[in-house]
Amino acid sequence: QVQLVESGGGLVQTGGSLRLSCAASGRTFSNYAMGWFRQAPGKEREFVAAISRSGGSTYYAGSVKGRFTISRDNAKSTVYLRMNSLKPEDTAVYYCAAVLGLYNTIYYTSDDYNSWGQGTQVTVSS
């Protein structure tokens, strides 16, 4: 399996921005579809965004669409999550995930993924 390490989390005020990164190692990154999920205290893990192997297809949860952007750099084996206009309800631990995927297929349920990072905390203050 691919190994994933997230970074870029932190404390930000409402309306601010952050960019999360997820660096992959151990396997050919371009063979993996990638996703971001988050889990707030006392809540279940939820889907945030996903990107296909090629980067040509993306998909977002309704709660973040228009504010968050997922992208990938296969040469750097890294997937990113740019988060703008952050709200207190975006506070959570954010996880990246990977799955061996078909070229332009999006995966948006946690059960689809079999490799997970350790998570990075994002806190948005009001």
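Residues numbered from 1 in each chain as written. Predicted model: local features only at pLDDT ≥ 70, side-chain atom pairs only at ≥ 80, totals over all residues. Heavy atoms only, no water.

Enquirer: Help me out: how do you make sense of the packing of aromatic side chains in this one?
Expert: In this description, a pair of aromatic rings is defined by centroid distance and the angle of the planes. Within this structure, the stated rule accounts for seven aromatic pairs. Taking 5.7 Å as the distance between ring centres and 75° as the angle between the ring planes, the aromatic pair formed by Phe37 and Phe47 counts as edge-to-face. Residue Phe37 is located in strand 4 (residues 32-39), and its partner Phe47 is located in strand 5 (residues 46-51); the two are separated by ten residues in the primary sequence. Looking at Phe37, the relative accessible area reads 1%, which means it is buried. A residue is classified by how much of its surface remains accessible, and Phe47, at 14% relative accessible area, is buried. (Phe/Tyr/Trp six-rings, centres within 6.5 Å; stacked < 30°, edge-to-face > 60°. Helix = DSSP H or I, 4+ residues; strand = E, 2+ residues; numbered from the N terminus. Buried < 20%, exposed > 50% of the residue type's maximum accessible area, 1.4 Å probe, protein only.)

Enquirer: Honestly, unusual backbone geometry in this entry has me stumped. Any pointers?
Expert: Note on backbone geometry: most residues besides glycine have negative phi, and most peptide bonds are trans. Phi at Ser77 takes a positive value of approximately 55°, unusual for a residue other than glycine. Tracing the sequence through the fold places Ser77 in the loop between strand 7 (68-73) and strand 8 (78-83). Look at Ser85: it is not a glycine, yet its phi comes out positive at around 50°. Counting through the fold element by element, Ser85 comes out in the loop between strand 8 and strand 9 (92-100).

Enquirer: Would you mind going over the nonpolar core with me for this structure?
Expert: One recurring pattern in soluble globular proteins: nonpolar side chains tend to sit buried together. Among the nonpolar cores identified, the biggest contains 39 residues, and Met34, Trp36, Leu81, Met83 and Tyr94 are the most heavily contacted of them. The element contributing the most residues to this core is strand 9, with six residues. (Core = buried A, V, L, I, M, F, W, Y, C linked by side-chain atoms within 4.5 Å.)

Enquirer: Please explain the sheet that holds strand 3 (residues 18-25) as it appears in this structure.
Expert: Two orientations exist for strands paired in a sheet by backbone hydrogen bonds: parallel and antiparallel. Read across the open sheet, the four strands follow the order 1-3-8-7; overall the sheet is antiparallel. For this open sheet the edge positions go to strand 1 (3-7) and strand 7, each flanked by a neighbour on one side alone. Neighbour-to-neighbour, the strand axes of the sheet open up by a mean angle of 15°, direction not taken into account. Of the strand pairs in this sheet, strand 7 and strand 8 are connected by six bridges, and their pairing is antiparallel. Paired with Thr69 across the two strands is Arg82, which belongs to strand 8. (Pairing = 2+ DSSP bridges. Axes fitted to C-alpha atoms, helices over the stretch in contact; angles between N-to-C directions.)

Enquirer: What am I meant to see in the environment of Tyr108 here?
Expert: Looking at where Tyr108 falls in the secondary structure, it is placed in the loop between strand 9 and strand 10 (115-116). Leaving out residues up to four positions away in the same chain, Tyr108 has contacts with Phe37, Phe47, Tyr59 and Tyr113. (Contact = heavy atoms within 4.5 Å.)

Enquirer: Even after reading the chapter, I still don't get the pattern of salt bridges, so can you show me in this structure?
Expert: Once the charged atoms of two side chains with opposite charge are near each other, the side chains can pair. As enumerated under the stated definition, the model contains three salt bridges in all. Of the charged contacts in the structure, one is a salt bridge between Glu46 and Arg38, with a shortest N-O distance of 2.6 Å. On the basis of relative accessible area, Arg38 is assigned to the buried category, the value being 6%. Measuring nitrogen to oxygen at the nearest pair gives 2.9 Å for the salt bridge that ties Arg38 to Asp90. With Arg38 in strand 4 and Asp90 in the loop between strand 8 and strand 9, this pair connects stretches of sequence that are 52 residues apart. (Salt bridge = Lys/Arg side-chain N within 4 Å of Asp/Glu carboxyl O.)

Enquirer: Would you mind going over the side chain of Arg53 with me for this structure?
Expert: In this fold, Arg53 is placed in the loop between strand 5 and strand 6 (58-60). No salt bridge is formed by the buried Arg53. Its closest oppositely charged neighbour is Asp73, at 14 Å. Side-chain polar atoms of Arg53 contact the side chain of Asn31, separated by 3.4 Å. Residues contacting Arg53, with those up to four places away along its chain left out, are Ser30, Asn31, Tyr32, Ala33, Arg72, Asn74, Gly101, Leu102 and Tyr103. (Lys, Arg positive; Asp, Glu negative; His and termini not counted. Polar contact = N/O pair within 3.5 Å; in protein donor to acceptor, adjacent residues only side chain to side chain.)

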